Amino acid sequence: IGVVGIVQSFAINTGFLQSSILAVKVRSALANMVFRKAVKLSSASRASVSSGDVLNLMSQDTERVFFAVLLGHSLWWAVLMMLIVLIVLVIEIGIA
């Protein structure tokens, strides 16, 4: 493992940590908003919406947003890494 590998490891882990922190904050905010909205519902609206629907919004749907925020960072990062590798390969090997 060279210096580049160590720097890359720190950069990737730091990025993943920041993505995790952001994802937890977004998930908490969404769950809080759903809960506040459920508390403010009128009695007529509460009759039409079951507690299971509200619980589903607070758990599974916020979990999907959590993973989208967590892994969405990897999408642009992977494209950038592939572009960098392709440029280095063209510089080192040349166009075949």
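A quick note: this is a predicted structure, and the numbers were derived from the prediction, not measured. (Residues numbered from 1 in each chain as written. Predicted model: local features only at pLDDT ≥ 70, side-chain atom pairs only at ≥ 80, totals over all residues. Heavy atoms only, no water.)

Draft legend 1. Expanded view of the side chain of T62. Inspection of the secondary structure puts T62 in helix α3 (residues 51-93). With relative accessibility at 2%, the residue T62 sits in the buried group. (Helix = DSSP H or I, 4+ residues; strand = E, 2+ residues; numbered from the N terminus. Buried < 20%, exposed > 50% of the residue type's maximum accessible area, 1.4 Å probe, protein only.)

Draft legend 2. Just the packing of helix α1 (residues 3-40) against α3, in detail. The geometry of α1 relative to α3 is characterised by a closest axis approach of 9 Å and an angle of 155° between their N-to-C directions. Comparing the axis directions of α1 and α3 gives the class roughly antiparallel. Viewed along their axes, α1 and α3 form a crossing whose handedness is right-handed. Tallied by class, residues from the contact of α1 with α3 come to 20 nonpolar, seven polar and two charged. (Axes fitted to C-alpha atoms, helices over the stretch in contact; angles between N-to-C directions. Parallel < 35°, antiparallel > 145°, perpendicular 65-115°, else oblique. Left-handed = near helix turned anticlockwise from the far one by under 90°. Nonpolar A, V, L, I, M, F, W, Y, C, P; charged D, E, K, R; others polar.)

Draft legend 3. Fine view of the environment of M58. Locating M58 in the fold gives a position in helix α3. On the accessibility criterion, M58 (26% relative accessible area) is partly exposed. Along the sequence, M58 and N32 sit 26 residues apart, while their C-alpha atoms lie 8.2 Å from each other. If we ignore the near neighbours within four places in the chain, the residues touching M58 are A31, V34 and F35. (Contact = heavy atoms within 4.5 Å.)

Draft legend 4. Quick look at the packing of aromatic side chains. Following the criterion strictly, the structure yields two aromatic pairs and no others. Judged by centre distance (5.2 Å) and plane angle (75°), the rings of F66 and F67 are edge-to-face. According to the relative accessible area criterion, F66 is buried, its value standing at 14%. Using a relative accessible area of 39% as the deciding quantity, one classes F67 as partly exposed. Note on W76 and W77: the rings are 5.7 Å apart at their centroids and 85° apart in plane angle, and the pair reads as edge-to-face. (Phe/Tyr/Trp six-rings, centres within 6.5 Å; stacked < 30°, edge-to-face > 60°.)

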